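Results of the structural survey
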Amino acid sequence: MPQDTLTITDNRTGHNYTLPVENGTIRAMDLRKIKTDPEDFGLMTYDPAFMNTASCRSAITFIDGDKGILRYRGYPIDVLAQHCTYLEVAYLLLFGELPNASQLKSWVDDITHHTMLHETTKKFMEGFRYNAHPMAMLVSTVAALSTIYPDAKNVHDPANRLLQIKRLIGKMPSIAAMSYRHNVGFPYIYPDNELSYPENFMNMLWKMVEPKYLANPVIARALDILFILHADHEQNCSTNAMRAVGSSQSDPFLATAAAAAALSGPLHGGANEEVLHMLDEIGSKDNVPAYIKKIKEGKGRLMGFGHRVYKNYDPRAKIIKWAADQVFEVTGRNTKLEIALELERIALEDDYFVQRKLYPNVDFYSGIMYQAMGFKPEMFTVLFAIPRTIGWLAQWQEMLNDPEQKIARPRQVWIGHETREFTPIEKRK
Ligand code: CMC
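Here we summarise the structure given alongside this text. (Residues numbered from 1 in each chain as written. Predicted model: local features only at pLDDT ≥ 70, side-chain atom pairs only at ≥ 80, totals over all residues. Heavy atoms only, no water.)

A count of helices and strands for the protein chain gives 17 helices and five strands. Its C-alpha atoms give the protein chain a radius of gyration of 24 Å, near enough to 22 Å, the size a compact globule of 429 residues would have. Taken over the C-alpha atoms alone, the protein chain extends approximately 80 × 65 × 55 Å along its principal axes. Per-residue burial over the protein chain gives 49% buried out of 429 residues. Pairs at least 24 residues apart make up 70% of the contacts formed inside the protein chain by residues separated by at least 6 positions. (Helix = DSSP H or I, 4+ residues; strand = E, 2+ residues; numbered from the N terminus. Rg over C-alpha atoms; globule rule 2.2 N^0.38 Å. Buried < 20%, exposed > 50% of the residue type's maximum accessible area, 1.4 Å probe, protein only. Contact = heavy atoms within 4.5 Å.)

Below, the structure is given as structure tokens:
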């Protein structure tokens, strides 16, 4: 019997089946041959939240959740955060290799020349209600880009795909900034091609009447580091949405909008906004023990804590804590930090959290840092969506190039009625 196999005995029939094991997995389709009789559909697995199902083979991002390891294309996240710019990391995620100096220059030039929004996009955004949530504006506007670039539907043409990817990476900060300016009632600021990616974003967010926006270099670098940390995270909820929607060969603007919609939920990217609301609710360091007690009684969740994959400290949270210190030197310490540190201290010692391996995740400290930079909580998830766009697109491209990938279409376990007799409306009770 070959060693890399699994033998299953079906106790319903007494039959034995030997299935190959590859990369620590068996193929779910191999289970189909396990039948009670020729009419039987065959065995399936039931895994409603993909708790133990690999949906693809990927070479982009590696996570070892028990050890707290995160690598993009083999490079540890802390090394990339220390030495690279976000656009350099974006290139790495997309093409698989770090760019040399001339590759990086032309990549940055290309992205910079795709930052402008079509004027109709600007008008479209102006049509949102004055208090529209910036994340909902972002999701809708990214989908609306599909109307401007109908060529994007040629998803099997690599050159066309690359053009749409550059458009999306370039335009994401412009849409995000516009959604913010709309929310606060300021006019839209056009991109400044002389500035770096994060500086230009800051320009579009915060420029007022000065002729040239001068970005604070510490804040610009901190934003770039945050962008690197959020760039990809293997098969998370939004990336799964990107792959699932993209698998029907819809265009990348529509698939990215779907991914951003998935990101907006409070259990995913929306958690950073919720962390700030939670810290507001707690109010002061002294109220932390009572709040923890409430969580342990099952009344809510500690936002910014816990992760499906990390059962150790989220490596991104460690880097954010370090970057936050640099930001606080410029902005002054966020008063919420004290409450957050106390929450973390108590939670890391408490049996409830220790037993469940609940550690701070990326969203726990990012919000505090964003707030110190001057962002309102409603903008936090938008700040997550900008850099995650390259992760979604790299994963989308990998999916399209994977000869094994087909339209995503899970099965279900039927628990409803058998055929029922129809009752005309006048006879229904
Ligand atoms: N506070 C209190 N208890 C928690 C928390 C939390 N934040 N997270 C998990 N638990 C408990 C949960 O109640 C369950 O306990 P029990 O076994 O007694 O029923 C146990 O831990 C396992 O939780 P789970 O819901 O089965 O875990 P999951 O893998 O399905 O959920 C999660 C992962 C991230 C959705 C969850 O930890 C959570 O809701 N965290 C708060 C929201 C949050 O911070 N999300 C951001 C995730 S990181 C950024 C990103 O990638 O989007």
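This model, assessed by the stated rule, comprises 18 aromatic pairs. Plain terms: the ring middles of Tyr197 and Phe227 are 6.2 Å apart, the flat faces sit at 75° to each other, and that makes the pair edge-to-face. In this pair, Tyr197 sits in helix H7 (residues 197-206) while Phe227 sits in helix H8 (residues 217-229), placing the two residues 30 residues apart along the sequence. Assigned by exposure class, Tyr197 and Phe227 land together as buried. Measuring from centroid to centroid gives 6.1 Å for Tyr370 and Phe375, while their planes differ by 85°, and the two rings are edge-to-face. Here the guanidinium or amino end of Arg356 rests over the ring plane of Tyr352, the centre of that ring lying 3.8 Å away. (Phe/Tyr/Trp six-rings, centres within 6.5 Å; stacked < 30°, edge-to-face > 60°. Lys NZ or Arg CZ within 6 Å of the ring centre and 35° of its normal.)

Reading across from one edge, E3-E4-E5 is the order of the three strands in this open sheet, with antiparallel pairing throughout. Of all the strands in the sheet, the pair left with one neighbour each is strand E3 (61-64) and strand E5 (75-76). (Pairing = 2+ DSSP bridges.)

So, about the site of the ligand. Neighbouring the ligand are 19 residues; His268, Arg301, Leu302, Gly304 and Arg308 lie closest to it. The separation between a nitrogen atom of the ligand and a polar main-chain atom of Leu267 is 3.0 Å. Notes on the ligand: free accessible area 930 Å², of which the protein chains cover 74%. Tallied by class, the residues present in the shell around the ligand amount to nine nonpolar, six polar and four charged. (Near = heavy atom within 4 Å. Polar contact = N/O pair within 3.5 Å; in protein donor to acceptor, adjacent residues only side chain to side chain. Areas by Shrake-Rupley, 256 points an atom, 1.4 Å probe, with all protein chains shown as cover. Nonpolar A, V, L, I, M, F, W, Y, C, P; charged D, E, K, R; others polar.)

For the rest of this paragraph, the subject is the packing of H8 against helix H16 (residues 362-373). Running from amino to carboxyl end, H8 crosses H16 at an angle of 150°, the nearest separation of the two axes being 12 Å. The angle between H8 and H16 places the two elements in the roughly antiparallel class. Both H8 and H16 take part in a crossing whose hand is left-handed. Taking contact as the criterion, the partners of Ile219, Ala222, Leu223 and Leu226 in H8 are, on H16, Ser366, Met369, Tyr370 and Met373. Residue composition of the contact of H8 with H16, grouped by class: seven nonpolar, one polar and no charged. (Axes fitted to C-alpha atoms, helices over the stretch in contact; angles between N-to-C directions. Parallel < 35°, antiparallel > 145°, perpendicular 65-115°, else oblique. Left-handed = near helix turned anticlockwise from the far one by under 90°.)

The tally for this structure, following the rule as stated, stands at 23 salt bridges. Where Glu194 meets Lys212, a salt bridge forms, and the shortest distance between an N and an O atom there is 2.6 Å. Highlighted residues: Glu194 in the loop between helix H6 (158-184) and H7 and Lys212 in the loop between H7 and H8, separated in sequence by 18 residues. With a shortest N-O distance of 3.0 Å, Arg345 and Glu342 are connected by a salt bridge. Of this pair, Arg345 and Glu342 both sit in helix H14 (residues 336-349), separated by three residues, roughly a single helical turn. Judged by its relative accessible area of 13%, Glu342 falls in the buried class. If you follow the salt bridges from partner to partner, you end up with Glu22, Arg27, Arg57 and Glu404 in one network. (Salt bridge = Lys/Arg side-chain N within 4 Å of Asp/Glu carboxyl O.)

On to helix H3 (residues 101-112), then. Under the 1.5 Å per step criterion, the end-to-end length of H3 is 16 Å for 12 residues, consistent within 8% with the ideal 16 Å. By the burial criterion, the buried members of H3 are Leu104, Trp107, Ile111 and Thr112. Burial along H3 is one-sided: seen end-on, the buried residues are contained in an arc of 130°. Exposed residues lying more than 90 degrees from the buried face of H3 are Ser102 and Lys105. (Expected span 1.5 Å × (residues − 1). Arc of directions from axis to C-beta.)

This part covers empty space enclosed by the protein. By the definition in use, this model includes one cavity of 30 Å³ or more. The computed volume of the largest cavity comes to approximately 40 Å³. Around the largest cavity sit Leu87, Ile111, Thr112, Thr115, Leu195, Ser196, Tyr197 and Asn200, which together line it. Only H3 and H7 provide two or more residues apiece to the lining of the largest cavity. Class assignment for the residues of the lining of the largest cavity results in four nonpolar, four polar and no charged. (1 Å grid on protein atoms, 1.4 Å probe; cavity = no way out; pocket = protein on both sides within 12 Å on 5 of 7 lines; lining within 4 Å. Points joined across faces, edges and corners; volume = space filled by probe spheres on them.)

Moving on to the layout of surface pockets. Estimates place the volume of the second largest pocket at around 150 Å³. Going through the elements one at a time, helix H2 (86-95), H7 and H8 are the ones with two or more residues in the lining of the second largest pocket. When residues of the lining of the second largest pocket are assigned to their parent elements, the largest contribution, four residues, is made by H8. Looking at the lining of the second largest pocket residue by residue, the classes come out as seven nonpolar, two polar and three charged.

Of the strand pairs in this sheet, strand E1 (residues 5-10) and strand E2 (residues 15-20) are connected by six bridges, and their pairing is antiparallel. Residue pairing across strands places Leu6 opposite Leu19, the latter belonging to E2. Here E1 hands over to E2 after four residues, with Gly14 in that stretch at a positive phi of 80°.

A word on the environment of Leu205. Tracing the sequence through the fold places Leu205 in helix H7. Measuring from C-alpha to C-alpha, the distance between Leu205 and Met178 comes to 7.5 Å, with 27 residues separating the pair along the chain. With near-sequence residues (within four places) excluded, Leu205 lies in contact with Ala177, Tyr180, Arg181, Phe375 and Met379.

The next subject is unusual backbone geometry. Glycine aside, residues mostly have negative phi, and peptide bonds are mostly found in the trans state. Its identity as a non-glycine residue notwithstanding, Glu234 has a phi of 40°, on the positive side. For Glu234, the position within the fold is in the loop between H8 and helix H9 (237-246). Backbone geometry places Gln249, a non-glycine residue, at a positive phi of 70°. Taking relative accessible area as the criterion, Gln249 reaches 43% and is therefore assigned partly exposed.

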